[in-house]
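Single-letter residue listing:
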Amino acid sequence: MSQLELNSNAEEARHTYFVDVILPVPIPKMFTYRCPFDLEDFLQIGVRVIVQFGHRKVLTGIISKVHERPPEKYEAKYILDVLDQSPVVFPQQLKMFQWIAEYYMCTLGEVLNVALPSGLKLSSESHVQIHPDFDMYESVYDFSGKEELLIEILNKNESLSYSDISKTLQQKNIFSILKSLVQKDAIIIYEEIREKYKPKKEKRIRLNSEYLKEGALETVFESLSKKPKQEEVLLFYLQQVPIYKQTKLNEQGIPKSLLAADLSTSAIKTLTKNGVLEEFEITISRFPDDDQETKPVHLTEIQENAKSDIIENFKTKDTVLLHGITGSGKTEIYISLIEDALAGGSQVLYLLPEIALTTQIVTRLKKVFGNKLGVYHSKFSDNERVEVWNGVLSGRYQLVLGVRSSIFLPFDNLGLILVDEEHESSYKQYDPAPRYNARDVALYMTSIHHCKVLLGSATPSLESFYQAKSEKYGLITLSKRYGNATLPDFIVADMIKEANKKLLKGEFSSVLLKELQTSLDNDEQAIIFQNRRGYSPYISCQQCSHIPKCTNCAVSLTYHQFKKELICHYCGYKEKMPNACEACGSTSLQTIGIGTEKLEEEIVLLLPDSKVQRMDLDTTRSKNSYERILKDFENKDIDILVGTQMVSKGLDFDHVNLVGIFDIDRMLHFPDFRSYERTFQLATQVSGRSGRREKKGKVVIQSKAPDLVIIKDIIENNFTAFYEREINEREIHRFPPFTRLISVMIKNKDVQLARRAAQRLSNLLIEQLGSQRVLGPQEPVINRIRNEYLMELLIKLERGTIDLKKVKSILQSAANEILEEKDLKSSRIIFDIDPY
Ligand code: ADP
Ligand code: ZN
Ligand code: ZN
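Computed from a predicted model, the values in this text were never measured in an experiment. Per chain, residue numbering runs from 1 following the sequence as it is written. By the order in which they are written, chains take letters starting at A while ligands take numbers starting at 1. Where totals are concerned, whole chains, interfaces and linings use all residues; where local detail is concerned, this predicted model gives features only for residues with pLDDT of at least 70, and gives and counts side-chain atom pairs only at 80 or more. Each side-chain value is worked out from all heavy atoms of the structure, with water and hydrogens disregarded.

A. Inspection of the overall build of the protein chain at higher detail. Per the secondary structure count, the protein chain includes 26 helices and 34 strands. In this setup the radius of gyration rests on C-alpha atoms only. A globule is expected at 2.2 Å times the number of residues raised to 0.38. Over its C-alpha trace the protein chain gives a radius of gyration of 31 Å, about what one expects of a compact globule, namely 28 Å for 836 residues. The dimensions of the protein chain, computed from C-alpha atoms along their principal axes, are 90 × 90 × 70 Å. Relative accessibility under 20% of the residue-type maximum defines a buried residue, over 50% an exposed one, and the middle range a partly exposed one, all with a 1.4 Å probe and only protein chains included. Buried residues in the protein chain amount to 53% of all 836 residues. Once local pairs closer than 6 in sequence are excluded, the contacts in the protein chain between residues at least 24 apart make up 75%. Carbon and sulfur atoms form 49% of the exposed surface of the protein chain, whose accessible area is close to 39,700 Å². His is not counted, nor are the chain ends, whereas Lys and Arg count as positive and Asp and Glu as negative. Charge positions are represented by NZ for Lys, CZ for Arg, CG for Asp and CD for Glu. When the 109 positive and 115 negative side-chain charges of the protein chain are each reduced to one mean point, those points stand 4 Å apart. Comment: elements are numbered from the N terminus, with helices defined as DSSP H or I runs of at least four residues and strands as E runs of at least two. The contact rule is simple, with two residues in contact once any of their heavy atoms fall within 4.5 Å. All accessibility values rest on the Shrake-Rupley procedure with a 1.4 Å probe; residue burial counts only the protein chains present in the view.

What follows is the structure, given as C-alpha cells:
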C-alpha cells in the first residue's frame with residue numbers, strides 16, 4: 001500500500017466531534033461547536049473552551065456534551081481552544097446549573113454567568129497583567145520567544161487588553177499563548193480594570209550575603225563598637241534570624257516593620273547604606289497559610305446532646321433544622337460537625353447570609369481548621385475568587401465559608417452544608433437572573449451530592465419551621481444560652497405617652513436615653529438599631545407639602561446630611577440638597593422620618609461624651625470598612641454603634657449590654673405578608689446582641705403601639721406563640737408555606753403599554769390557570785424604577801398537587817405570545833419563583 005492510500009483510509013476512519021457549549025450569555029439554547037482534530041484529545045465535559053460568538057465576540061464556555069451530531073440548522077464553527085486539562089466544573093454541578101435554570105426560569109447561560117468568577121471567563125473583553133508572584137528567572141518553566149516578548153511587554157505595562165496584545169504581537173488568535181502563560185503562573189486575566197489585582201507587598205531586611213562568610217560578622221561588630229545603635233539593630237536581627245544555626249534562614253530576612261518597631265530607623269538606614277543589611281520586597285499571598293495552632297472545641301453537655309440528635313436525625317432525613325436561641329452555641333455545634341465531616345474525608349460548605357457576619361466567624365474557624373478553610377464572598381476581587389475556586393478543585397480548601405454564590409463552587413465530595421441564619425432574605429438573589437435562593441438550592445443539592453443540610457436559626461423562617469413540624473425536616477431545639485448568659489430584659493417605651501408628657505428628646509425616649517447614660521457610666525457598650533440609612537427618608541416643604549422625588553423612579557429622595565444630597569435608594573440618582581422648595585420657593589424645608597445618620601447626629605448632641613459610630617451601607621462601602629468598625633467596637637473605641645440590619649446578627653461582643661430598637665411600628669406596617677415575620681426576626685436577632693456574657697443585658701423597644709401581641713411575643717422570646725398565630729394567618733389567606741408564589745413583573749418605559757401588556761398576560765393566564773391562581777395585575781407600591789413602569793401579577797399555586805413544570809411552561813408561552821405582539825414587544829417580563 002502506498003503512503004497516500006494509508007492516509008486516506010485513516011482519514012475515513014476518523015470521527016468528527018462536536019461539543020455542546022454553555023456560554024455565559026442569556027440565550028435559551030446551547031451552542032454546538034466543532035472540534036478541530038488537534039484538540040480532540042482534550043475534550044472533556046466540564047472543561048473550558050474558547051469560541052467565537054457572533055461576529056466579534058470571543059467567549060469562554062463550558063463543554064456540557066461531546067457527540068458526533070452536527071447541528072441541523074447552522075454550520076458549526078470550530079472551537080478556538082481548550083483551556084483546561086481537567087474539568088473546572090463537575091457533572092454534579094452541571095446538573096445543578098440545569099436545575100437552577102429550570103426551577104428559577106432562566107437560561108443556563110445566566111446561571112453560568114453568576115457561577116463562574118470572571119477570572120475564569122476569558123473573553124475578548126478581558127485584560128491581562130503579570131502575575132505579581134512571577135519571576136522569570138525563578139520559574140521552573142521554559143518560555144517560547146513569543147511568550148518572553150509578551151512578558152517583557154507586560155512588565156512595562158500595568159495591564160493590557162486582549163486587543164492591545166493581539167495588535168502588539170501582530171497575531172489575531174492569542175488564546176493559546178495566554179493560556180500557556182496562565183498555566184505557567186506568569187500572567188493573570190481579569191474582566192474589568194476596576195477589579196485590578198493589587199498584590200500585597202512587604203518590605204523586608206536581611207544580612208548582605210557577604211557577611212555570611214566565616215569571620216565577616218566579627219569584623220563588622222568590631223567596626224561598630226562605638227556605634228551602639230547600629231550594634232543593637234544587628235544583634236536584634238541575629239536574635240530573630242539565628243543564622244549560626246542555618247545560614248539559609250537569612251534568605252527570608254525579617255519584615256522591616258519588625259526591625260523598625262523599637263530600633264533606630266537611622267541606624268537601620270546606615271547599615272543598609274553601608275551594605276551590611278539589604279532591603280528587599282516580597283509579595284505576600286492574600287490568603288497566607290499561617291501556622292496558627294489549631295484548637296478543638298469542647299461542647300457542653302446540652303450542645304453535645306443536640307449534636308448527637310442532629311446526627312441521629314440525619315440517618316433518616318436529609319435536612320435538619322437547628323432552632324437555637326441567640327448565644328446558645330449553634331456555631332460551636334457547627335464547628336464540631338465540620339470536624340467530623342472533614343475527618344471522614346468530605347467537603348463542607350458553610351453558608352452565611354452576609355459578608356458582615358464573616359469576620360468574627362472566620363477568626364473562630366481559622367482557630368480550628370487553619371488552612372483548610374477557604375472564604376468566598378462578593379467583596380473579593382475576581383482573582384481572589386478564582387484562587388478559592390481553584391483551591392476547592394485542588395483540595396486545598398476542604399471547608400468553604402461563603403455567601404450565597406458559594407453554592408456554585410466545584411465541590412465533588414460534599415458531605416455537609418450548613419445554612420446559618422437560614423431565615424435571612426439575603427440568601428435570595430433578586431436581580432439579575434438567576435433569581436435563586438441559596439438555602440433552597442442547598443436543599444436540592446442533597447439529592448445530587450448525597451449530602452446533608454443543617455439549617456440553623458434563632459428565628460427560623462415559617463417555611464422551615466413548618467417543614468420541621470410536619471416532620472419533613474428533623475427539629476432540634478436549644479433554649480439556653482451558653483455559660484451563665486441569659487436572654488436580656490425588655491423595656492417597651494410607649495412613644496405616644498412620652499410625646500404627650502413631652503419627654504422625648506429628638507427621636508429618643510427618656511427611657512432609652514436613661515439606659516444609654518447608664519451604659520456609658522458603667523463603661524459598657526450599646527447598639528442602636530434603625531433599619532433605614534441616610535438622614536431622613538424624605539424632606540417636605542412646610543408651606544406647600546411638596547416632597548422631592550426621584551426623576552427615574554416613583555420614590556421620594558432620601559436626605560443624606562453628610563453629603564448634603566438627596567439620593568434615590570433604588571437607582572442611585574442624586575441631587576444637591578436644595579435651599580428652597582422647587583415648587584413654591586419657600587425655604588422652610590423639613591426632614592421627615594428617621595435614618596441612621598439622624599440618630600447618630602442626635603446621639604452626638606444628647607450624649608456629647610459618647611463615642612458614636614454608624615454601620616450601614618454608606619459607611620461600609622470600602623473593602624475593609626466592616627472589619628475596621630468591628631475592630632474598633634471590639635477594642636471599645638466605640639461606645640454606641642448605630643446601624644441598619646447589619647448590626648442585627650452574628651455579632652458577638654463581650655461588653656454590649658444594651659440594644660435600642662427604633663421604628664418597629666413602621667416595620668410592622670410594611671405592606672407585605674411577611675412583615676410580621678421579618679419584624680419578629682429582626683427584633684429578636686438584634687436583641688440577641690445584648691448581654692451575651694455573665695451580665696444580663698437590656699433591650700429598649702420604642703413603639704407607638706406597645707400592646708401589640710407580636711411585641712409581647714418578642715419580649716417573651718415566644719417563638720412558638722408567634723409561629724402558631726402567624727401560620728394560621730398564612731393558611732387562611734393562602735400564603736406560603738401553604739402555597740407557592742411566582743411573581744411576574746412586567747416592565748415598559750411607556751405606562752400605557754406596561755398596563756396593557758399586564759392585562760393581556762393576565763387574561764391569557766387566567767384562561768389556563770383559573771382566576772383563583774392569578775392575582776392582579778396591580779401596580780406595585782413603587783411603580784416606576786429607572787424610568788420603567790412596573791406592573792405585577794402574582795401567581796398563587798397550591799402545594800404538592802400542582803404540576804409546576806407545566807405551569808412554568810404555560811407562563812413562558814404566554815409571555816412569549818405577548819412579546820411577539822408588535823406594540824407590546826418593547827416590554828420585559830420577569831419571572832421570580834418564591835419571590836420573598
Ligand atoms: P450562636 O451561634 O447560637 O449565637 P455561639 O456559638 O456564637 O452561639 O455562642 C455564643 C458564645 O458562647 C460565643 O462567644 C461562644 O464562643 C461561646 N460558647 C458557646 N458554646 C461554647 C462552648 N461549648 N465552649 C466555649 N465557648 C462556647
Ligand atoms: Zn431612582
Ligand atoms: Zn413648597
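B. Inspection of the coordination of the zinc ion (ligand 3) at higher detail. The protein atoms donating to the zinc ion (ligand 3) are C541 (SG), C544 (SG), C581 (SG) and C584 (SG), with metal-donor distances spanning 2.3 to 2.4 Å. Given 4 donor atoms and angles of 102 to 112° at the metal, the environment of the zinc ion (ligand 3) is assigned as tetrahedral. Look at where the donors of the zinc ion (ligand 3) fall in the sequence and you get C-x2-C-x36-C-x2-C. Note that C541 is positioned in strand β21 (residues 538-541) and C581 in the loop between β24 (574-576) and β25 (589-592), a separation of 40 residues in sequence. Under the relative-accessibility criterion, C541 is labelled buried at 2%. Metal donors were taken as nitrogen, oxygen and sulfur atoms no farther than 2.8 Å from the ion, or 3.2 Å where the ion is Na, K or Ca. Water is excluded, so coordination may look unfinished. A four-donor site is called tetrahedral if each angle lies between 85 and 135 degrees; a four-donor site is square planar, and a six-donor site octahedral, when trans pairs exceed 155 degrees and the remaining angles lie between 65 and 115; all other cases are labelled irregular.

C. Summary view of the site of ligand 1. Neighbouring ligand 1 are 17 residues; H298, Q303, G327, T331 and D652 lie closest to it. Protein chains shield 82% of the accessible area of ligand 1, which is 550 Å² for the free molecule. Among the elements that take part in the shell around ligand 1, helix α12 (residues 330-343) stands out by supplying 3 residues, more than any other. Residue polarity follows a fixed list, in which Ala, Val, Leu, Ile, Met, Phe, Trp, Tyr, Cys and Pro are nonpolar, Asp, Glu, Lys and Arg are charged, and the others, Gly among them, are polar. Of the residues assigned to the shell around ligand 1, the class counts are 3 nonpolar, 8 polar and 6 charged. A molecule or strand has a residue near it when one of that residue's heavy atoms lies within 4 Å.

D. Region of the structure containing the sheet that holds strand β1 (residues 18-22). A strand pair is defined by DSSP finding two or more bridges across the two strands. Strands sit in the order β2-β1-β4-β3-β5 across an open sheet of 5 strands; the sheet is antiparallel. Whereas interior strands pair on both sides, the edge strands pair on one side only; in this sheet they are β2 (31-34) and β5 (79-82). This sheet shows a mean twist of 45° between the axes of neighbouring strands, independent of strand direction. Relative to strand β4 (residues 57-67), β1 is paired through 5 bridges, and the arrangement is antiparallel. Within the sheet, the bridge partner assigned to F18 lies in β4 and is H67. Think of each axis as a best-fit line through the C-alpha atoms, taken over the contacting stretch in the case of a helix, with angles from 0 to 180 degrees between the N-to-C directions.

E. Here's a closer look at the packing of aromatic side chains. Here the aromatic set is Phe, Tyr and Trp, taking the six-membered ring for Trp, and pairing holds for ring centres within 6.5 Å; pairs whose planes are under 30 degrees apart are stacked, those over 60 apart are edge-to-face, and all others are tilted. Evaluation of the coordinates by the stated rule reveals 20 aromatic pairs. Taking 4.2 Å as the distance between ring centres and 5° as the angle between the ring planes, the aromatic pair formed by W99 and Y444 counts as stacked. Of the two residues, W99 is situated in helix α2 (residues 91-103) and Y444 in helix α15 (residues 438-449); the sequence distance between them amounts to 345 residues. Clustering of aromatic rings is evident, with ring pairs tying together F465, F680, F719, F722 and Y723. One residue, R206, lies across the ring of F280, its end atom 3.8 Å from the ring centre. Both a distance and an angle decide whether a charge sits over a ring: NZ of Lys or CZ of Arg must be within 6 Å of the ring centre and within 35 degrees of the ring normal.

F. Seen up close, the confidence of the model for the protein chain. Per-residue confidence from the predictor is reported as pLDDT, a score between 0 and 100. Model confidence for the protein chain is summarised by a mean pLDDT of 88, while 94% of its residues fall at 70 or above. In this model, residues 1-10 is a region of pLDDT below 50 whose contacts with residues beyond four sequence positions or in other chains number 2 contacts. In the predicted structure, residues 193-199 sits below a pLDDT of 50 and forms 15 contacts with residues beyond four places in sequence or in another chain.

G. Expanded view of the packing of helix α8 (residues 228-240) against helix α10 (residues 265-273). Where α8 contacts α10, the axes come no closer than 9 Å and their chain directions differ by 80°. When the interaxial angle is binned, α8 and α10 end up roughly perpendicular. Here K229, Q230, V233 and L234 of α8 lie close against α10, whose contacting residues are A267, I268, T270 and L271. Of the residues contributing to the contact of α8 with α10, the split by class is 5 nonpolar, 2 polar and 1 charged. Throughout this description, any angle smaller than 35 degrees is read as roughly parallel, any larger than 145 degrees as roughly antiparallel, any in the 65 to 115 degree range as roughly perpendicular, and the remainder as oblique.

H. Quick peek at the side chain of R614. Mapping R614 onto the fold places it in strand β26 (residues 612-615). With relative accessibility at 9%, the residue R614 sits in the buried group. Residues adjacent in sequence count toward polar contacts only when both atoms are side-chain atoms; beyond that, a polar contact is any pair of N or O atoms within 3.5 Å, and within protein one must be able to donate a hydrogen and the other to accept it. Polar side-chain contacts of R614 include one of 2.7 Å to the side chain of E600. Beyond its immediate stretch of four places on either side in the chain, R614 contacts T596, E597, E600, T619, I629 and V642.

I. Representation of the pattern of salt bridges in the model. The salt bridge definition used is simple: a Lys or Arg side-chain nitrogen within 4 Å of an Asp or Glu carboxyl oxygen. Under the counting rule described, the total for this entry stands at 35 salt bridges. With its nearest N and O atoms 3.0 Å apart, the salt bridge here joins R666 to D663. A relative accessible area of 29% places R666 in the partly exposed class. Bridged by salt links that share partners, the residues E463, R674, E677 and R730 form one connected network.

J. Layout of the environment of I829. With respect to the helices and strands, I829 occurs in strand β34 (residues 828-833). I829 sits 81 residues away from N748 along the chain, and the two C-alpha atoms are 9.1 Å apart. Non-local contacts of I829, meaning those with residues more than four positions away in its chain, are made with V744, M745, I746, L761, A815, I818 and L819.

K. Spotlight on the nonpolar core. The definition of a nonpolar core used throughout is a set of buried Ala, Val, Leu, Ile, Met, Phe, Trp, Tyr and Cys residues joined through side-chain atoms within 4.5 Å. By size, the foremost hydrophobic cluster in this structure holds 114 residues, and its most contacted members are M96, F97, I407, I417 and L765. With sequence-adjacent residues up to four places away left out, L765 is seen in contact with G770, V774, L793, I795, I810, L811 and A814. Membership of the second largest hydrophobic core comes to 31 residues, among which are I310, L322, I335 and L416.

L. Molecular detail of the environment of D38. Take D38: it is sitting in the loop between β2 and β3 (48-53). By relative accessible area, which is 62% here, D38 ends up exposed. It is 9.9 Å that separates the C-alpha atoms of D38 and D81, two residues lying 43 residues apart in sequence.

M. Up close: unusual backbone geometry. In the segment running from D431 into P432, the intervening peptide bond is cis, with an omega of -10°. Among the structural elements, P432 can be located in the loop between β16 (414-420) and α15. At the junction of A433 and P434, the peptide bond is cis and its omega measures out at 0° in the coordinates. Inspection of the secondary structure puts P434 in the loop between β16 and α15. A positive phi angle, close to 55°, is found at K502, a residue other than glycine. Mapped onto the secondary structure, K502 falls in the loop between α17 (495-500) and α18 (510-521).

N. Up close: the pairing of strand β12 (residues 319-324). Among the 6 residues in β12, 6 count as buried, and that is most of the element. Neither face of β12 is open: one carries T319, L321 and H323, the other V320, L322 and G324, and all of them are buried. Here β12 pairs with strand β17 (residues 452-457) via 5 bridges, running parallel. Bridge pairing in β17 places T319 opposite V453. As defined by bridge partners, β12 adjoins strand β18 (residues 474-478) across 5 bridges and the pair is classed as parallel. Bridging from a neighbouring strand, G324 pairs with L478 of β18.

O. Local environment of the sheet that holds strand β23 (residues 565-567). Spatially, the 3 strands line up as an open sheet ordered β22-β23-β24, and their pairing is antiparallel. At either end of the open sheet lies a strand with only one pairing partner, and these are β22 (558-560) and β24. Strand-to-strand twist in this sheet, taken as the mean axis angle between neighbours without regard to direction, amounts to 30°. With 3 bridges connecting them, β23 and β24 associate as antiparallel partners. Within the sheet, the bridge partner assigned to L566 lies in β24 and is E575.

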